Amino acid sequence: MSAGIAATAAALRVNAGVRGPAVPRAMKAWVLGGPGELRLVGKPVPRPGPAEVLVRIGATAVCGTDLEVIRHGAPALVEGGPPFNKNFTPGHEYMGTVAALGPGVDEFTIGDRVAVEIHAGCGRCERCREGMYTACLNYGQNYTGHDKGHRANGFTTDGGFAEYAVNHVNTLVRVPGEMSDETATLIVTAGTATYGLDVLGGLIAGQSLAVIGPGPIGLMAVGVAKALGAAPIVLTGTRRDRRRLEIGQRFGADEVIDAEEADPVAAVRRITRGAGVHYAMECSGATGAVDQAVHMTSRGGRVCLAAFAHEPVMVDVAYLVSNNIYLFGIRGEGRSATRRAAALLAQTRFPVELLHTHTFTLDRVPEAIRYAGERIEDAIKVVVKMEAGRGPAA
Ligand SMILES: [Zn+2]
Ligand SMILES: [Zn+2]
């Protein structure tokens, strides 16, 4: 057999069962070299397998966790180790258009606009079977010889700082009607806030909530909780967060506290007539914030931890135990919260688009990351958008 015929036969085998218009063989993608090193390279366009689709990416938001992955590696885990020098593409908050269907996929059609949630659990471990797929026991087990089916694009498998990505159908949500590409990248952030409120497990309606840290997840927690009827909602931040605290008010915070002007615990106690809040969400990762959240919470109340702290933090455990306060850590956006968050955002109950502050094209990813990391020009959500006017994949 000639080399040409062999190559054609191999291509046919690779493409068996994949349906869709022809897509290019190669794409532009950013890959992580050593810590902090990103390079724009050419990569083969990935092929969707069973239960997967190929997504032509429209926009990808930069998340604080991307900065962690790019600089320090964790929580990314690629081929059983740190993500460095493995041709790995980061980026996990993206949206796009379905460009090809893997074998047997009928849940989506070519051309559907979709946003993603990050985690596709293995579906075979104890946690996945309990519905806790963001806490899959086979996290990162997805490479040759260790493929348990787990996927977390941008953490354990290739992510969204590229022209195309492959997603399991379970990780896709339809983008509601008129929503812009930039706003659609925020659906997964709203999903994380929604999951945090789920885990707290209360009525939310008519109950009080304190949110520490007006970053994207904290602000989403305010907007989602307000839409669900929480009252009062107290949001705390620092002087540096002034613009973000203003957005918090637009999203429905009843009171915003500048922690440099007033003690946030005392303020929450004053607002709740001494009782403390039913629920607190710690979204800052600041040292001392977990202890603050605990002291803001009423007896029998619940605290959700949604931020990665950089060092072990001190908590007044005696206070926590003697007041029967519960602490819940969450990872990501479980229990299909992203799908529900998309439906909630479609109801435009709060001006979610205010979170998107800056846009860069795909060739300027390092600059986008610098804007997000250093909060240049008060950046909140920085979005990487594929080049304007790029033609259809052909
Ligand atoms: Zn994220
Ligand atoms: Zn699992």
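Residues numbered from 1 in each chain as written. Chains lettered and ligands numbered in written order. Predicted model: local features only at pLDDT ≥ 70, side-chain atom pairs only at ≥ 80, totals over all residues.

J.: In this structure, what is going on with the overall build of the chain? I would like to understand it.
T.: Summing up its helical and strand segments, the chain has 12 helices and 17 strands in all. What you see for the chain is a C-alpha radius of gyration of 22 Å, in line with the 21 Å of a compact globule of 394 residues. Taken along the three principal axes of its C-alpha coordinates, the chain extends 80 × 45 × 40 Å. Within the chain, buried positions represent 48% of all 394 residues. Long-range contacts, defined as pairs at least 24 residues apart, comprise 69% of the intrachain contacts of the chain with a sequence gap of at least 6. (Helix = DSSP H or I, 4+ residues; strand = E, 2+ residues; numbered from the N terminus. Rg over C-alpha atoms; globule rule 2.2 N^0.38 Å. Buried ≥ 20, exposed ≤ 12 C-beta atoms within 10 Å, placed from the backbone. Contact = placed C-beta atoms within 7 Å.)

J.: Explain the packing of helix H6 (residues 216-227) against helix H7 (residues 242-251) here, please?
T.: Two quantities define a packed helix pair, namely the angle between the helix axes and the distance between the axes. Between H6 and H7, the shortest axis-to-axis distance is 9 Å and the interhelical angle comes to 15°. Between H6 and H7, the interaxial angle falls into the category roughly parallel. Handedness of the H6/H7 crossing: right-handed. For the pair formed by H6 and H7, the contact residues are Leu219, Val222, Gly223 and Lys226 on the first element and Arg244, Ile247, Gly248 and Phe251 on the second. (Axes fitted to C-alpha atoms, helices over the stretch in contact; angles between N-to-C directions. Parallel < 35°, antiparallel > 145°, perpendicular 65-115°, else oblique. Left-handed = near helix turned anticlockwise from the far one by under 90°.)

J.: Whenever I open this one, the domain arrangement of the chain confuses me. Can you help?
T.: The figure often quoted for interface size is the accessible area lost as the parts come together. If you check the domain split of the chain, you get domain 1 (17-118 + 153-174 + 351-385) and domain 2 (189-329). Listed as interface residues are 11 residues of domain 1 and, on the opposing side, 11 residues of domain 2. (Domains from an automatic or database assignment.)

J.: I tried to follow the pairing of strand S14 (residues 297-305) on my own but got confused; where do I start?
T.: Every other side chain in a regular strand lies on the same face of the sheet, so the side chains alternate between the two faces. Relative to S14, strand S13 (residues 277-282) runs parallel, the two being bridged by five bridges. From the neighbouring strand, Val277 faces S14, where its bridge partner is Thr297. After leaving S13, the chain enters helix H9 (residues 289-296) and then returns to the sheet as S14, a path that is right-handed. The pairing of S14 with strand S15 (residues 326-329) spans four bridges and is parallel. Pairing of Val303 across the sheet is with Leu327, part of S15. On the question of chirality, the crossover connecting S14 to the parallel S15 by way of helix H10 (residues 317-322) is right-handed. (Pairing = 2+ DSSP bridges. Right-handed = clockwise from strand over helix to strand, strands pointing away.)

J.: Explain the pairing of strand S11 (residues 233-237) here, please?
T.: Among the five residues of S11, five are classified as buried, and the element is accordingly described as predominantly covered. Of the two faces of S11, both are covered, the one formed by Ile233, Leu235 and Gly237 as well as the one formed by Val234 and Thr236. In this sheet, S11 lies alongside strand S10 (residues 209-212) in parallel orientation, the contact comprising four bridges. By the bridge assignment, Val211 is partnered in S11 with Leu235. A crossover connection joins S10 to the parallel S11 through H6; in handedness this β-α-β unit is right-handed. Summarising the sheet, S11 and strand S12 (residues 255-258) pair through four bridges and their orientation is parallel. Within the sheet, the bridge partner assigned to Thr236 lies in S12 and is Ile257.

J.: Looking at this structure, how should I read the sheet that holds S15?
T.: Reading across the sheet, the six strands line up as S12-S11-S10-S13-S14-S15 and stay open at both edges, with parallel pairing between neighbours. Edge positions in the sheet fall to S12 and S15, since each has one partner strand and no second. Averaged over all pairs of adjacent strands, the angle between strand axes in this sheet comes to 20°, irrespective of strand direction.

J.: Explain helix H5 (residues 187-200) here, please?
T.: For an α-helix, 3.6 residues make a turn, and residues three or four places apart therefore share a direction. An ideal rise of 1.5 Å per residue puts 20 Å on 14 residues; H5 measures up with 20 Å between its terminal C-alpha atoms. Of all the 14 residues making up H5, 12 are buried; the element is thus mostly covered by neighbouring parts of the structure. Regarding H5, the residues found buried are Ile187, Val188, Thr189, Ala190, Gly191, Thr192, Ala193, Thr194, Tyr195, Gly196, Leu197 and Leu200. Just past H5, the residue Gly201 takes up positive phi, approximately 70°. (Expected span 1.5 Å × (residues − 1).)

J.: Quick question: what am I supposed to make of the nonpolar core here?
T.: The nonpolar side chains of a soluble globular protein tend to be buried with one another. Of all hydrophobic cores here, the largest spans 110 residues; its most connected members are Ala115, Ile187, Val211 and Ala221. Counting residues domain by domain, this core receives three or more from each of domain 1 (17-118 + 153-174 + 351-385) and domain 2 (189-329). Beyond its immediate stretch of four places on either side in the chain, Val211 contacts Gly218, Ala221, Val222, Ile233, Leu235, Met281 and Cys283. One finds Cys122, Cys125, Cys128 and Cys136 within the second-largest nonpolar core, a separate group that totals six residues. (Core = buried A, V, L, I, M, F, W, Y, C linked by C-beta atoms within 7 Å.)

J.: In this structure, what is going on with unusual backbone geometry? I would like to understand it.
T.: Negative phi is the rule for most residues except glycine; trans is the rule for most peptide bonds. The omega torsion across Ala74 and Pro75 is 5°, close enough to zero to call that bond cis. With respect to the helices, strands and loops of the structure, Pro75 is situated in the loop between helix H2 (64-72) and strand S4 (93-101). Here the residue pair Ala231 and Pro232 is connected by a cis peptide bond, since its omega of -10° sits within 30 degrees of zero. Here Pro232 shows up in the loop between H6 and S11. The phi torsion at Asn324 lies on the positive side, around 55°, for a residue other than glycine. When you line up the elements, Asn324 lands in the loop between H10 and S15. Overall, the presence of 10 C-beta atoms within 10 Å leaves Asn324 in the exposed class.

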